[in-house]
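Read off the chains here:
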Amino acid sequence: MKTTSEEIINLNREYVFFTWAVQSRVDPIPAVRSEGVYFWDADGKRYLDFSSQLMNVNAGHGNPKIVSAIQEQAERMAYAYPGIATEAKARLGQLLAEITPGDLSKTLFTTGGGEANENAIKFARLYTGRHKLLARYRSFHGATAGALALTGDPYRLAVEPLISGVVHFMDPYCYRCPFGWTRETCHRECISHVEQVIQFEGPDNIAAIVLEGVTGSNGLIIPPDDYWPRIREICDRYGILLVSDEVMSGFGRTGKWFGVDHWGIEPDMITMGKGITSGYVPLGGVIVSRTIADHFADRPLPMGLTNSAHPLAVAAGVAAVEAYREDGLVENAAALGLILKEGLEGIEAKHPS
């Protein structure tokens, strides 16, 4: 007997927590299938998946290359513990080294973006021997203790205290400048402010600055063109690592492979998740520079997860990256972005605010 929409919703409400929500107010869609840019509920109603679920189904629903890769891997070997070498794990690591900027070359795989940022914190502290981390107020880096501490979003307030050593600074938010300037009067206090915070906190205490490639759920903030290059210069001046959180802005989301690619920046680490498998299987990762990778050649790496480089996930990742390349999806995102931008500017011109 077919389960009705009402039954699906009631069973979910009874037995499952919905994230980031007051449970009694949740009114979920009872989705049953998806294809391309659409998904359908249990009553047959079709929805245009305009945000690609949680900004992660970058290749669309039901991509045959990714589905086939998961199926074939499940038949061959559905699980291998992280200490085993597998072809798919090696191939995905190789692909990530090819598409990321600079000499980023070696990846630690996780089960999602939050864990990627969690392990980026460990890399930064172990490599530099420093404790403090800087991040922006209008940011979201994940829901685990370290990643949520990096997060400036007020979601963190309800569960503080989290990990120690995180200091937040203001954002390059040109629409509502936190320093009171306009675009015409701007003198990049959003950049000089960062260096001032570094001086107050002690440059020799700061392991890394962690920034989203393009700020996602906290306002889609696109920084001024000289912001990323000058932050890179500041990090180099004080021996601070620069980490780009590309969990949301990676894998073509901005019309480039990664958000930082728009400014020609080479971070010391990139964290990733979401689109790495087009959301088909949970996967994340932190890719580090050759210098950081070499640091651990003769030192223990105190990091690990039961499902690190899970075979189904990395197989899906290989297929997703190959689909983005072969089907020109990154370039297509750039082309469609121009169309969407034009439409949004038309709305802006008519809107009183």
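Taken in spatial order, the 3 strands make up an open sheet running β1-β2-β3, and their pairing is antiparallel. Across the chains shown, the open sheet's two edge strands, defined by having one partner strand only, are β1 (31-35) and β3 (46-48). The average undirected angle you get between the axes of adjacent strands in this sheet is 30 degrees. Note: β1 against strand β2 (residues 38-41), 4 bridges, orientation antiparallel. Paired with Ser34 across the bridge in β2 is Phe39.

Looking now at empty space enclosed by the protein. A probe matching the size of a water molecule, rolled over the atoms, marks out where space remains unfilled. Tallying each qualifying case throughout the model produces 2 cavities of 30 Å³ or more. Taken together, 13 residues make up the lining of the largest cavity; nearest its centre are Tyr173, Cys174, Cys177, Cys186 and Cys190. In terms of residue class, the lining of the largest cavity is built from 9 nonpolar, 1 polar and 3 charged. Counted as a void, the second largest cavity has a volume near 30 Å³. Lining the second largest cavity, in full, are Asn117, Ala120, Ile121, Leu150, Val210 and Val243. Per-element tally for the lining of the second largest cavity: the top contributor is helix α5 (residues 113-128), with 3 residues. Tallied by class, the residues present in the lining of the second largest cavity amount to 5 nonpolar, 1 polar and no charged.

Before going further, it helps to examine the pairing of strand β9 (residues 269-272). Side-chain alternation along β9 places Met269 and Thr271 on one buried face and Ile270 and Met272 on a second face that is also buried. Across 3 bridges, the pairing between strand β8 (residues 241-245) and β9 is parallel. In the strand pairing of β9, Val243 is matched with Met269. Here 4 bridges tie β9 to strand β10 (residues 284-289), and the two strands are oriented antiparallel to one another. Within β10, the residue paired with Thr271 across the bridge is Val286.

Bringing the packing of aromatic side chains into the picture now. Summed over all chains, the structure comprises 8 aromatic pairs. Centroid distance Phe39 to Tyr47: 5.0 Å. Interplanar angle 10 degrees. Geometry classified as stacked. Each member of the pair Phe39 and Tyr47 is classed as buried. Three or more aromatic residues link up through ring pairs in this structure, and these residues are Phe251, Trp257, Phe258 and Tyr324. Sitting above the plane of the Trp40 ring, Arg33 keeps its charged end 3.9 Å from the centroid. For the cation-ring pair, Arg46 lies above Tyr38, with the distance from its terminal atom to the ring centre recorded as 3.9 Å.

Here the focus is helix α8 (residues 227-238). Compared with an ideal rise of 1.5 Å per residue, which puts 12 residues at 16 Å, α8 spans 17 Å between its outermost C-alpha atoms and is within 8% of the ideal. Among all positions of α8, only Tyr227, Trp228, Ile231, Arg232, Ile234, Cys235 and Tyr238 are buried. Relative to the axis of α8, the buried residues are bounded by an arc of 160 degrees and lie together on one face. Buried residues along α8 sit in contact with β5 (132-136), β6 (166-169), α7 (189-201), β7 (206-212) and β8. Phi turns positive, to about 65 degrees, at Gly239, one or two residues after α8.

Time to look at the sheet that holds β6. In spatial order, the strands read β4-β10-β9-β8-β7-β5-β6; together these 7 strands make up an open sheet with mixed pairing. Only two strands of the sheet have a single partner each, and these edge strands are β4 (104-110) and β6. Each neighbouring strand pair of the sheet contributes to a mean axis angle of 20 degrees, computed without reference to strand direction. When β7 meets β8, the two strands line up parallel, connected through 5 bridges. Across the sheet, Ile209 pairs through a bridge with Leu242, a residue of β8. Lying on the sheet, α5 is in contact with β4, β5, β7, β8, β9 and β10; it crosses β9 at an angle near 160 degrees. The strands touched by α8 within the sheet are β5, β6, β7 and β8, with β8 carrying the most contacts at an inclination of about 145 degrees.

Counted as a void, the second largest pocket has a volume near 930 Å³. Taken together, 32 residues form the lining of the second largest pocket, with Trp20, Leu54, Phe140, Val247 and Lys274 sitting closest to its centre. Only α2 (52-55) and α5 provide two or more residues apiece to the lining of the second largest pocket. At 4 residues, the largest contribution of residues to the lining of the second largest pocket is made by α5.

The rules behind these values
- Residues numbered from 1 in each chain as written.
- Predicted model: local features only at pLDDT ≥ 70, side-chain atom pairs only at ≥ 80, totals over all residues.
- Heavy atoms only, no water.
- Pairing = 2+ DSSP bridges.
- Helix = DSSP H or I, 4+ residues; strand = E, 2+ residues; numbered from the N terminus.
- Axes fitted to C-alpha atoms, helices over the stretch in contact; angles between N-to-C directions.
- 1 Å grid on protein atoms, 1.4 Å probe; cavity = no way out; pocket = protein on both sides within 12 Å on 5 of 7 lines; lining within 4 Å.
- Points joined across faces, edges and corners; volume = space filled by probe spheres on them.
- Nonpolar A, V, L, I, M, F, W, Y, C, P; charged D, E, K, R; others polar.
- Buried < 20%, exposed > 50% of the residue type's maximum accessible area, 1.4 Å probe, protein only.
- Phe/Tyr/Trp six-rings, centres within 6.5 Å; stacked < 30°, edge-to-face > 60°.
- Lys NZ or Arg CZ within 6 Å of the ring centre and 35° of its normal.
- Expected span 1.5 Å × (residues − 1).
- Arc of directions from axis to C-beta.
- Contact = heavy atoms within 4.5 Å.

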